[in-house]
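Listed here are the chains, written in short residue letters.
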Amino acid sequence: QVRVVESGGGLVQPGGSLRLSCAASGRIFEINAVAWYRQAPGKQRELVAAITTGDTINYADSVKGRFIISRDAAKNAVYLQMNSLKPEDTAVYYCNVEVDLYSGYEVMEGGEYWGQGTQVTVSS
C-alpha cells in the first residue's frame, strides 16, 4: 500500500505565497507521474498542475505563470510553489501519484494514489 500526505496549506493574504508538500511512502519503486488537484466548496475537483510520464509538465490556465510543480525522486516528494495567490485559489489541494511498487527483488505495476488534501485559504 502507498500512503500520500499533503502539508503546507494555510491562510495567506492575496498576493502571498505558499509551498505545498506531498510525501509518498510505502513499497514505491518509482513514481511515474504526479499531479496536484484542487476542489473548492460546491465545485468539481480540477487539475492544477501535473508532471506526466515522460516528464511533461502541464498547468491549468488559471495558475500558469504563478504556480510551479516540482518533485524530488530521491525523497518520493512532490511540491507546489504557489505565488501571487488570489482569493479564487482557495480550495482543498490534493496530491496524486502514479507509482510502480517493489516486492522483494521484483518490481510490479502499482497504481494511482491520493492524499487526504490540505486546505489553502486566500483572504485579506
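Fair warning: this is a prediction, and the values are worked out from it, not measured in the lab.

Chemist: Describe in detail the overall build of the chain, supporting the description with residues and values.
Modeler: Summing up its helical and strand segments, the chain has zero helices and eleven strands in all. Mapped in sequence order, the helices and strands of the chain form the string β-β-β-β-β-β-β-β-β-β-β. Relative to the compact-globule value of 14 Å for 124 residues, the chain shows a C-alpha radius of gyration of 15 Å, a close match. With the principal axes as the frame, the chain shows a C-alpha extent of 55 × 25 × 25 Å. Across the chain, contacts joining residues at least 24 apart in sequence account for 57% of those joining residues at least 6 apart. Looking at the chain as shown, the accessible area adds up to about 6,800 Å², and 48% of this sits on carbon and sulfur atoms. Positive and negative charge centroids in the chain, built from 11 and 13 side chains respectively, lie 9 Å apart.

Chemist: Break down the state of the cysteines for me, with residues and values.
Modeler: Throughout this description, disulfide means a covalent bond between two cysteine sulfur atoms. Scanning the model with the defined rule gives one disulfide in all. Two residues share a disulfide in this structure: Cys22 and Cys95, whose sulfurs sit 2.1 Å from each other. Taking the sign of the S-S torsion, -80° for the link of Cys22 and Cys95, the bridge is left-handed. In this pair, Cys22 is assigned in strand 3 (residues 18-26) and Cys95 in strand 9 (residues 91-103), connecting sequence segments 73 residues apart. Residues Cys22 and Cys95 agree in their burial class; the two are buried.

Chemist: With reference to specific residues and values, describe the nonpolar core.
Modeler: Among the nonpolar cores identified, the biggest contains 31 residues, and Trp36, Leu80, Met82, Tyr93 and Val97 are the most heavily contacted of them. For this core, the elements supplying multiple residues, two or more each, are strand 1 (2-7), strand 3, strand 4 (28-39), strand 5 (46-51), strand 7 (67-72), strand 8 (77-82), strand 9 and strand 11 (118-122). Residue contributions to this core peak at six residues, all from strand 9. Among residues more than four places away in sequence, those in contact with Leu80 are Leu18, Arg19, Leu20, Trp36, Val48, Ala49, Phe67, Ile68, Ile69 and Tyr93.

Chemist: Got a sec to walk through the packing of aromatic side chains? Specific residues and values, please.
Modeler: The final tally for this structure, using the stated rule, is one aromatic pair. Measuring from centroid to centroid gives 4.9 Å for Tyr37 and Trp114, while their planes differ by 55°, and the two rings are tilted. Remark: Trp114 occurs in strand 10 (residues 106-114) and Tyr37 occurs in strand 4; sequence separation between them is 77 residues. Positioned above the aromatic ring of Tyr79, the side-chain terminus of Arg19 is 4.0 Å from the ring centre. One cation-aromatic arrangement involves Arg45 over Trp114; the distance from NZ or CZ to the ring centre is 4.9 Å.

Cut-offs and rules
- The residue numbers shown here count from 1 along each chain, following its written sequence.
- Given that this is a predicted model, residues contribute local features only at a pLDDT of at least 70 and side-chain atom pairs are listed and counted only at 80 or more, while totals for whole chains, interfaces and linings are drawn from all residues.
- Each side-chain value is derived from all of the structure's non-hydrogen atoms; neither hydrogens nor water enter the calculation.
- In this description a helix means any DSSP run of H or I spanning at least four residues, a strand means any run of E spanning at least two, and both kinds are numbered starting from the N terminus.
- A radius of gyration in this sense is built from C-alpha atoms; the matching globule rule multiplies 2.2 Å by the number of residues raised to 0.38.
- Contacts are residue-level and defined by heavy atoms, with any inter-residue pair within 4.5 Å sufficient.
- Note on areas: these come from Shrake-Rupley sampling with a 1.4 Å probe, and a residue is covered only by the protein chains present in the view.
- Charge counting follows a simple rule: Lys and Arg are positive, Asp and Glu are negative, and His as well as the terminal groups are ignored.
- Note on charges: their place is set at NZ of Lys, CZ of Arg, CG of Asp or CD of Glu.
- Cysteine sulfur atoms that pair up within 2.5 Å are treated as a disulfide.
- Residue burial is assigned from relative accessible area. The probe radius is 1.4 Å, only protein chains are included, and a residue is buried under 20% of its type maximum, exposed over 50%, and partly exposed in between.
- Working definition of a nonpolar core: buried Ala, Val, Leu, Ile, Met, Phe, Trp, Tyr and Cys residues. They are joined through side-chain atoms within 4.5 Å.
- Two aromatic rings, drawn from Phe, Tyr or Trp (for Trp, its six-membered ring), form a pair once their centres lie within 6.5 Å of each other, and the interplanar angle then sorts them: stacked below 30 degrees, edge-to-face above 60, tilted otherwise.
- For a Lys NZ or an Arg CZ to count as sitting over a ring, it must be within 6 Å of the ring centre and within 35 degrees of the ring normal.

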